[in-house]
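The primary structure of each chain is shown beneath.
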Amino acid sequence: MLIETLSVFPAMFEPVMSTSILGRARQAGIFDFKAYDLRDWTHDRHRTVDDEPYGGGQGMLMKAPPIFEAVRSIASQGPRPHVVFFTPCGAPFDQRTAERLSHEERLLFVCGRYEGIDERAYALADERLSIGDYVLTGGELAAMVVTDAVVRLLPGALGDEMSSVDESFATGETGGLLEYAQYTRPAAFEGAEVPEVLLSGDHAKVDAWRRANAIERTCRWRPDLIPTARLSESERGRAAELVERYHGPGYSEA
Ligand code: ADE
């Protein structure tokens, strides 16, 4: 997979793309990464990428022409990229989206700065994504978040092929629940003991405890995930009790 970014701060990316799992995956050729500087597609002495908004208002907007020129010139070098623009007005990014993007051969991430981008530039976008309901100073961090979530799904990126399967939100195994609690040595720490069953060596009991724990944690911390989680009838009944216990009656109607 080739991941490319277009932004006014291309230097932000290199430390993240060369560290830890991303760095190793890149070294191993699991993905390749390039960061382009939008200013390379400007033609004035000041390399201007922004301008005042028509109709007035606060701040500056990114101009459409350099973005058009840049995306067209980058896209012309190789297979057509899937083009993603980052904006707080985009669709919410989630694990399902990460899985979908992980099948693309070439991704081009366009990162806005200032108060936004001239709306006409979005004509180049295959999609617009937001990483959450808060406003960042630019799309670069969002592009790094999405790159991290996508690359770790690529075959070989994590070393252990199974480790991206039974996790929080994974659309597979855990059926849309948060991941169960995990513990390592010491068995007793600061007055808190590791649950006895995890020391028992009884795999069936461990699996049952983990499933119940995943349901309990999801009911407590993310009750909004319960309606779409894959639960048996008895689990659903138990989950309804837990949601009521943690969040009071009437939560689901709220
Ligand atoms: N740019 C600024 N805020 C953002 C957000 N929350 N998600 C994606 N891009 C952004």
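Reference entry: report on the structure contained in this document. All of these numbers come straight from a predicted model, not from anything done at the bench.

The biggest cluster of nonpolar side chains holds 26 residues, and the ones touching the most others in it are Phe31, Phe86, Phe109 and Val151. The set of elements that each furnish at least two residues to this core consists of α1 (13–17), α2 (20–27), β5 (82–92), α4 (95–101), β6 (106–111) and α5 (140–151). Element by element, the count of residues in this core is highest for α5, at seven residues. Setting aside residues no more than four positions away along its own chain, Val151 makes contact with Ile3, Leu22, Ala25, Phe31 and Ala157.

Here we come to the packing of aromatic side chains. All chains considered together, the criterion is met by four aromatic pairs. Consider the rings of Phe13 and Phe33, whose centres lie 5.7 Å apart with planes at 45 degrees: the pair is tilted. Highlighted residues: Phe13 in helix α1 and Phe33 in strand β2 (residues 32–37), separated in sequence by 20 residues. For the pair formed by Phe13 and Phe33, the shared burial category is buried. Both rings, one in Phe86 and one in Phe109, keep their centres 5.2 Å apart while their planes meet at 70 degrees; by these two values the pair is edge-to-face.

A word on the side chain of Arg106. If you trace the backbone, Arg106 turns up in strand β6. A distance of 2.7 Å separates a polar side-chain atom of Arg106 from the backbone oxygen of Ile74. Within the structure, the side chain of Arg106 is placed 2.8 Å from the backbone oxygen of Pro79, a separation counted as a polar contact. In this view, Arg106 contacts Leu2, Glu4, Ile74, Ala75, Gln77, Gly78, Pro79, Pro81 and His82; residues no more than four positions away in its chain are not counted.

On the surface, Tyr134, Leu136 and Leu141 cluster together into a nonpolar patch covering about 270 Å² of accessible area. Along the polypeptide, Leu141 turns up in helix α5.

The rules behind these values
Residues numbered from 1 in each chain as written. Predicted model: local features only at pLDDT ≥ 70, side-chain atom pairs only at ≥ 80, totals over all residues. Heavy atoms only, no water. Core = buried A, V, L, I, M, F, W, Y, C linked by side-chain atoms within 4.5 Å. Buried < 20%, exposed > 50% of the residue type's maximum accessible area, 1.4 Å probe, protein only. Helix = DSSP H or I, 4+ residues; strand = E, 2+ residues; numbered from the N terminus. Contact = heavy atoms within 4.5 Å. Phe/Tyr/Trp six-rings, centres within 6.5 Å; stacked < 30°, edge-to-face > 60°. Polar contact = N/O pair within 3.5 Å; in protein donor to acceptor, adjacent residues only side chain to side chain. Patch = residues over 30% accessible without salt bridge, like charges linked within 9 Å, V, L, I, M, F, W, Y side chains within 5 Å. Areas by Shrake-Rupley, 256 points an atom, 1.4 Å probe, with all protein chains shown as cover. Salt bridge = Lys/Arg side-chain N within 4 Å of Asp/Glu carboxyl O.

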